[in-house]
Amino acid sequence: MSALAATAFAQSAEETSWYDRPMRWAQLAFVEDDPGHYDPGFWLDYFRRIHADAVCLSAGGCVAFYPTKIPLHYRSKFLGSGDPFGEMLAGCRKLGMNAIARIDPHAAHQDLYDAHPDWIAVEANGKPRRHWAMPELWVTCALGPYNFEFMTSVVREIVSAYKIDGIFANRWSGSGMCYCQHCRQNFKAFCGMELPSSTGASPEATNRFAAWHKQRLFELYSLWNGEIRKLNPNAAFFPNGFDPIRDRASVPIYFADRQARSGTTPIWQNGKFAKDARSTCGSKPAVGLFSVGLEAPYRWKDSVQNPAEIRSWAVDGIAQGFRPWVIKFNAKPLDRRWFKPVEDLFVWHWKNEKYLRNVLPLAKVALVYGSRETQDHSSGFYQALLEARIPFETIVDARFDADRLQQFQVLALANVVSLSDAQCAQLQAFVERGGGIVATHETSLRDEHGASRRDFGLARLFGASWKGKTIERQQNAYLAIEDHKHPLLAGLEDAGRIIHGAKRVEIAASPSLRAPLMTVPTYPDLPMEEVYVRDAASNIPGVVARALGRGRVVYFPWDIDRTFWEVLNQDHGILLANAVRWAANEEQPLSVTGPGMIDVALWKQESSITAHLVNVSNPMSMRGSFREILPVGQQKVRIKILEGKKVRSVRFLVSGATPKWRQIGDWLETTTPPIDLHEVVAIDI
Ligand SMILES: [Zn+2]
């Protein structure tokens, strides 16, 4: 490099940080016996083949994988004179990768316990805490000198010796309550109280503890981040978990650690994680960590899943905006079934990178939900929108800001019980500007502190008021269809009636309201001779659907989204999707017509638009794992092009087939070939 080029390089490195550059991450998490027993050349070759452009390598904490000079920093007993961390790092640097070092401070060995028993976490009964999974180890205290002093020196040593791009800390924020002398003293100094016990703590002590715990973790975050940046201004501390810190603007990349699904997690959940991550992290890169192994309470951390499952989980995350990060624990490949599928996916991702560097989601619908409320409402609404192939974003915890709201035409409030007066006013203004709202059940019945209101905070929008009671369980109740031609009933024209939900808020609506659905209240469901309608013509609206100026509001006083999630009756899904379409009062920017269950997304890049179609049609969609990918047939696609833009070319990024397409005004129409797992319609404009 010439002197001039070197100067230019140094300047550009100062001006631009690296954080937005990597598109594909790889993590090799060493286990203690890896040094001397694994093949670094194999991994470096794999990283090269998959075009990973950033890596996370295990450095220290519980076990050091480099020749640390810090007393009591436990070295792998297989380390000898080696430096596997440094060796892998040098190889990755040669490949042009960014590299961050992983530390895990949550467990410590006997010699550290012997030298500093006060660095170990203490149980409520005063006993030092042995590690739950490996009793010869000790659980460390996250909020005392072990992290604040000892681990700070470890962090400093790694950054100064290796000029790393950042430190990624796993399990750094503690492993539950700690009653060590430092925690007791520090908490007392904070508020004059004793640490709350696990049983019978006062609400005040619990609240004070939460505040202190958060403050302490912020101090630790600031300390480590500051020390790292002193040594390398272009590096940062990346805390895993603990959202209040991870969400901060000063954490330059959002890493979402959602490695795989288990139990009854639907396959689309990784896409939801991606939307939720982006909802909180704003414009910073959102990276989705996925494992090649199973996630289950039995923790088969060294396992490999069926490739169809690994691919589907990762691809759904990518479609919804994650940059992929593949994790493997243990550098000695015991089961090689994952290498090829991950390689194929990453190579595809690399080849099509310019269409995956998203600038903005183009969805006009946002699903809003609060973390106080049961997830079943948001899951049900999510499932309904997904089945309807409506592109949508999520807004977690109803964090509205005016800028963000502007991009949406409809806000779907999935039983958002707690809303502040200010948030209610924002929603009112949103409708006045011509926006649409669909709300369910107890939305706005409480304020932001969870205190009951006398009426809905959104009573003016709903055109209904609360009668003071929620029916917590109704058996055998229905909805009579009053207006078969109403847009809410599209696709249900031949239905005689629709089942009601399980819970219902009692409301008083204006007598002039003509609701397309009226409640048929509960009647006996046994003996069978008694199962007949007693009160066919109730005056209880089953839904409120009204236009307010240019805006539109739909309110379901019952738990339609939650019941949909529990029962999965298709009528409820259709009603929810119709409500969103009607409230939008304009065509959705993407429509996909064809067989199967397809998760869709629509994105803008620098000079293109992409539509993702992920085929999640599978008997293992809602509980898994996938055994095989089952292709679906052709899909007709209609996409809104940005106003006045002319389409230059259209490509199918997965099948590689040449599309027949036409542009009609601001709309592009095409038909995809049958879809295996994934297709991307890429439109150059
Ligand atoms: Zn402690």
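Attention in this report is confined to the structure presented alongside it. The shown structure was predicted, so the numbers you read here are calculated from the model rather than taken from an experiment.

This paragraph deals with the pattern of salt bridges. Summed over the entire model, instances satisfying the criterion amount to 35 salt bridges. Among the salt bridges present, the one from arginine 24 reaches glutamate 353, with a minimum N-O distance of 2.8 Å. With arginine 24 in the loop between helix H1 (3-15) and strand E1 (25-29) and glutamate 353 in the loop between helix H11 (339-351) and strand E11 (360-361), this residue pair connects regions lying 329 residues apart in the sequence. Its relative accessible area of 2% is what places arginine 24 among the buried residues. Aspartate 559 serves as the salt-bridge partner of arginine 562, at 2.9 Å between the closest nitrogen and oxygen. A single burial state applies to arginine 562 and to aspartate 559, both of which are buried.

Let us look at the sheet that holds strand E30 (residues 678-684). Sheet architecture is open: five strands sit in the order E11-E24-E25-E30-E27, paired in antiparallel fashion. Where the open sheet ends on each side, the last strands, each with one partner, are E11 and strand E27 (649-652). The pairing of E27 with E30 spans four bridges and is antiparallel. Across the sheet, the residue bridging to arginine 651 is alanine 682, located in E30.

Let's shift gears to the coordination of the zinc ion. When a metal carries six donors in an octahedron, the ideal angles between them are 90 or 180 degrees, while four donors in a tetrahedron ideally lie at 109.5 degrees. Only Cys141 (SG), Cys178 (SG), Cys180 (SG) and Cys183 (SG) from the protein reach the zinc ion as donors, at distances of 2.3 Å. The sequence pattern describing where the donors of the zinc ion fall on their chain is C-x36-C-x1-C-x2-C. Residue cysteine 141 is found in the loop between strand E5 (138-139) and helix H5 (145-162), and its partner cysteine 183 is found in helix H6 (residues 181-191); the two are separated by 42 residues along the sequence. By relative accessible area, cysteine 141 is classed as buried at 2%.

Glancing now at empty space enclosed by the protein. This model, assessed by the stated rule, comprises four cavities of 30 Å³ or more. Lining the largest cavity, in full, are Gly61, Cys62, Leu72, Tyr74, Ala107, Ala108, His109, Asp111, Leu112, Tyr146 and Phe150. Of all the elements in the fold, those that place two or more residues in the lining of the largest cavity are strand E4 (107-108), helix H4 (110-115) and H5. For the lining of the largest cavity, the residue count by class is eight nonpolar, two polar and one charged.

Analysis parameters
- Residues numbered from 1 in each chain as written.
- Predicted model: local features only at pLDDT ≥ 70, side-chain atom pairs only at ≥ 80, totals over all residues.
- Heavy atoms only, no water.
- Salt bridge = Lys/Arg side-chain N within 4 Å of Asp/Glu carboxyl O.
- Helix = DSSP H or I, 4+ residues; strand = E, 2+ residues; numbered from the N terminus.
- Buried < 20%, exposed > 50% of the residue type's maximum accessible area, 1.4 Å probe, protein only.
- Pairing = 2+ DSSP bridges.
- Donors = N, O, S within 2.8 Å, 3.2 Å for Na, K, Ca; no water.
- 1 Å grid on protein atoms, 1.4 Å probe; cavity = no way out; pocket = protein on both sides within 12 Å on 5 of 7 lines; lining within 4 Å.
- Points joined across faces, edges and corners; volume = space filled by probe spheres on them.
- Nonpolar A, V, L, I, M, F, W, Y, C, P; charged D, E, K, R; others polar.

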